[in-house]
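Below, each chain spelled out in residue letters.
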Amino acid sequence: MTDLKKHMIVSSRVRLARNIAKIPFPFKMSPFEAASVIDKVFNALKSTGEYNLYKLNELSDIECLSLKERYLISNDLIKNRNIGAVILNSNETISVMVNEEDHIRAQCVLPGLDINTAYEEIKKVDLALNSALNIAYDDELGYITSCPTNLGTGLRASALCFLPGLSTLNDIGKIVKSFSHINAEVRGVYGEGTKATGYLYQVSNKTTLGITEEELVEDVKAMVLELAEKEVKARERILNMCDPDIIDNIMRSYGILTNAYKLTTDEFMSLSADARMGACLGYTPDIDEQKLNTLLLDVQPATLIVKGGKNYTAEERDIARAALVKRMLNNN
Amino acid sequence: MLCAICGKNQAVFKLPANYNNNLVSLPLCEECAVKLGFIKPAVNHFTGVYKTGRSEQRVCPCCRTTEREFSKNGAGCSECYKVFKDIIKPVIVKIHGDVKHKTSLENLKGDNIVKSLEMQLEEAKARNDFSEAQRIFDEIQRRKS
């Protein structure tokens, strides 16, 4: 059964940037100051829930890379490995980076379009931090951040969207231009410019100052819904085109994805995107959205090693990846 | 150690990465790390604000950033935003427009934070941590005003 609205919003994220007043920003802090900030932030959070602290200089390269693959830390935190840390809640929906660009970068990531819940969750983290720490704040500038682009609310709300229709019809560029006057931006996640591998795009707010947190969240949600509406129309057009090349590509991709003995990460990203497109257009069997979104993270190379508990070679990883995909998709 | 990509610049950090299907620890210079999209470019919005030839320079009392350093690297701490306010203001207007911070009434949550702080004040007093108690007391007064 064709459901053109399925497989649209992969995940929602709300992140905020905070700094402790009168302590140098990470690029200027001493190791002692860095350690002190980590302790303060962890103590502020652990009194409110179950959190685990990971200091990056105590983790292996593979563990760091796996955290990055799961979007729990950034490369900018890895660059600050000697002073950086990450604090995670038990189900890894909340991740608090310490000593990245700012003292604190807290995010909540939830599946599907659920920006409001992600915002409510991050507000609890914000309250915990503000209650325990002297968070740098100014009545005119709002929350003080290392880079002035994040001043004010220090909040970025975003959604990761799967847009194969608009992408295939080359309409993304047009959409991006039409949103340029709104407080929102669209960018490809895995590729250059507006044509992304995996048809994945991130929609997020541009400005953080002069707008309330609630207005910001509603703006991003409104743009995501508008984009989703346009994507449904694009998928309808593609369905009506009945283009043999598009259909053939989708079905070949599904075949390889579910039967290959080896798959590289890039192959998986490309094939799974086509298979997902096939699922929502009804050309291939339906794929559970949550299973596929989980696979997107679990097939990444360092995460395969960490979760598999084995130090695979590149070829062994490609074989393990293909086996995992087969297991997850054939149990659909 | 030299950067693995350009072989010319000194590497500033080692990045665990999946490079051509191999898991490696790449020594990278800042330039190549930015060019390959591994890290964000360090954009300094305050470049050129420092006017050479000035006999006196302001210095942030907290992080010791001078006006010249501010022009090169940006704010060193939250206090820099007060010390260099006149320089920062036009840059902020350029980025965000001539706007002030807005927050919803719900977010102010002043009462909740103050109640929580009052509890922490009692706890600090009970364990004779007077410097911490003083800090919390000052924070409560700031929020109440």
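Position labels on residues start from 1 in each chain and follow its written sequence. Each chain is given a letter, starting from A, and each ligand a number, starting from 1, according to the order in which they appear as written. Per-residue local features are limited, in this predicted model, to residues with pLDDT of at least 70; the limit for side-chain atom pairs, both in listing and counting, is 80 or more; totals at the level of whole chains, interfaces and linings are taken over all residues. To get the side-chain values, all heavy atoms of the structure are used, and hydrogens and water are removed first.

**Concerning the pairing of strand β3 (residues 85–89) of chain A**
A regular strand places its side chains so that they alternate between the two faces of the sheet. Residue and element names in this part refer to chain A. Relative accessibility decides the category of a residue: with a 1.4 Å probe and only protein chains considered, values under 20% of the type maximum give buried, values over 50% give exposed, and everything between is partly exposed. We count a stretch as a helix when DSSP gives it H or I for four or more residues in a row; a strand needs E for two or more, and each element gets its number in order from the N terminus. Within β3, five of the five residues are buried, which leaves it mostly tucked inside the rest of the structure. Here β3 shows a buried face lined by Ala85, Ile87 and Asn89 and a second buried face lined by Val86 and Leu88. Being paired, for any two strands, means DSSP has found at least two bridges between them. When strand β2 (residues 51–55) meets β3, the two strands line up antiparallel, connected through five bridges. Bridge pairing in β3 links Leu53 to Ile87. Counting the residues that bridge the hairpin from β3 to strand β4 (residues 94–98) gives four residues, and of these Glu92 lies at a positive phi of roughly 60°.

**A short note on the pairing of β4 of chain A**
Residues and elements named next belong to chain A. The buried fraction of β4 amounts to five of the five residues, a majority that puts the element mostly inside the structure. The two faces of β4 match: Ile94, Val96 and Val98 on one face and Ser95 and Met97 on the other face are all buried. In this structure, β3 lies alongside β4, joined through four bridges in antiparallel fashion. Residue pairing in the sheet places Ile87 in a bridge with Val96 of β4. Between the antiparallel neighbours β4 and strand β5 (residues 104–111) lie five residues, among them Asn99 with a positive phi of about 70°.

**Notes on the side chain of Asp76 of chain A**
As for its placement among the helices and strands, Asp76 of chain A is situated in helix α3 (residues 75–79). By relative accessible area, which is 17% here, Asp76 of chain A ends up buried. Working rule for contacts: check all heavy atoms of both residues, and any pair within 4.5 Å makes them a contact. Excluding residues within four positions of it along the chain, Asp76 of chain A makes contact with Glu100 of chain A together with Ile39 and Lys40 of chain B.

**Side note on the sheet that holds β5 of chain A**
Sheets are built from strands that pair by backbone hydrogen bonding, the pairs being arranged parallel or antiparallel. All names here are of chain A. The antiparallel open sheet is built from eight strands, whose spatial order is β2-β3-β4-β5-β1-β8-β10-β9. Two strands in the sheet have a free side with no partner beyond their single neighbour: β2 and β9 (185–188). Geometrically, the sheet is characterised by an average inter-axis angle of 20° between neighbouring strands, direction not taken into account. The strands that helix α7 (residues 213–241) touches are β1 (9–18), β8 (155–162), β9 and β10 (200–204); relative to β8, the one it contacts most, it runs at about 10°. Axis lines are fitted to C-alpha atoms, over the contacting stretch for helices. Their N-to-C directions set the angle, which ranges from 0 to 180 degrees.

**Quick notes on the interface of chain A and chain B**
At the junction of the two partners, chain A supplies 60 residues and chain B supplies 47 residues. Note: buried area is the sum, over both parts, of the accessible area (probe 1.4 Å) each one loses when the two are combined. The junction of chain A with chain B conceals about 4400 Å² of combined surface from both sides, 56% of it contributed by carbon and sulfur atoms. Three residues, Lys79, Glu140 and Pro148 of chain A, lead the burial of chain A against chain B; their summed loss comes to 13% of the area buried on that side. Salt bridges are counted wherever a side-chain nitrogen of Lys or Arg sits within 4 Å of a carboxyl oxygen of Asp or Glu. The tally of links between chain A and chain B comes to three salt bridges. Linking Lys79 of chain A and Glu30 of chain B is a salt bridge whose minimum nitrogen-to-oxygen distance equals 3.6 Å.

**Re the domain arrangement of chain B**
Annotation comment: domain bounds sourced from an automatic or database domain assignment. In terms of domain boundaries, chain B breaks down into domain 1 (1–42), domain 2 (44–100) and domain 3 (104–144). The distance between the C-alpha centroids of domain 1 of chain B and domain 2 of chain B comes to 30 Å.

**Observations regarding helix α2 (residues 61–69) of chain A**
Along α2 of chain A, the positions that sit buried rather than exposed are Cys64, Leu65, Ser66, Leu67 and Glu69 of chain A. Tyr71 of chain A sits one or two positions beyond α2 of chain A and adopts a positive phi of about 60°.

**A few points about the packing of helix α1 (residues 31–46) of chain A against helix α4 (residues 115–132) of chain A**
Residue and element names in this part refer to chain A. Two numbers describe how α1 lies on α4: the axes approach to 9 Å, and their chain directions differ by 120°. Relative to α4, the element α1 is oriented oblique. Here α1 runs over α4; the crossing is right-handed. Contacts between α1 and α4 involve Val41, Ala44 and Leu45 from the former and Val125, Ala128, Leu129 and Ala132 from the latter. Here the contact of α1 with α4 is built from residues that sort into seven nonpolar, no polar and no charged. For this classification, under 35 degrees means roughly parallel, over 145 means roughly antiparallel, 65 to 115 means roughly perpendicular, and everything else is oblique. Each crossing gets its handedness from the near helix: less than a right angle anticlockwise from the far helix is left-handed, clockwise is right-handed. Under the scheme applied, nonpolar residues are Ala, Val, Leu, Ile, Met, Phe, Trp, Tyr, Cys and Pro; charged residues are Asp, Glu, Lys and Arg; polar residues are all the others, including Gly.

**Details of the side chain of Asn205 of chain A**
All names here are of chain A. In this fold, Asn205 is placed in the loop between β10 and α7. For Asn205, a relative accessible area of 0% corresponds to the buried category. Polar contacts here mean pairs of N or O atoms no more than 3.5 Å apart (in protein, one a potential hydrogen donor and the other a potential acceptor; neighbouring residues in sequence count only if both atoms are side-chain atoms). A polar side-chain atom of Asn205 sits 2.7 Å from the main-chain amide nitrogen of Ala157. Only 3.1 Å separates the side chain of Asn205 from the backbone oxygen of Thr207, close enough to count as a polar contact.

**So, the pattern of salt bridges**
All names here are of chain A. Taken as a whole, this structure holds 27 salt bridges over all chains when the rule is applied. Note that Glu121 is salt-bridged to Lys124, the shortest N-O span being 3.1 Å. Of this pair, Glu121 and Lys124 both sit in helix α4, three residues apart, roughly one helical turn. The structure contains a network of salt bridges with shared partners spanning Glu100, Glu101, Asp102 and Arg105.

**Things to note about the nonpolar core**
Ranked by size, the top nonpolar core spans 90 residues in total, and within it Val41, Leu45, Val96, Val125, Leu129 and Phe268 of chain A carry the most contacts. In terms of residues, this core owes the most to one element, α7 of chain A, which gives ten residues. We define a nonpolar core as any set of buried Ala, Val, Leu, Ile, Met, Phe, Trp, Tyr and Cys residues linked to one another through side-chain atoms lying within 4.5 Å. Core analysis: the next-biggest nonpolar cluster, separate from the first, contains 22 residues, Leu59 and Met97 of chain A together with Leu28 and Cys32 of chain B among them.

**Some words on the confidence of the model for chain A**
Confidence of the predictor at the level of single residues is captured by pLDDT, which takes values from 0 to 100. Mean pLDDT over chain A works out to 90, with 96% of the residues at or above the 70 mark. Under a pLDDT of 50 for its full length, residues 191–195 of chain A has, in the predicted model, ten contacts with residues more than four places off or in other chains.

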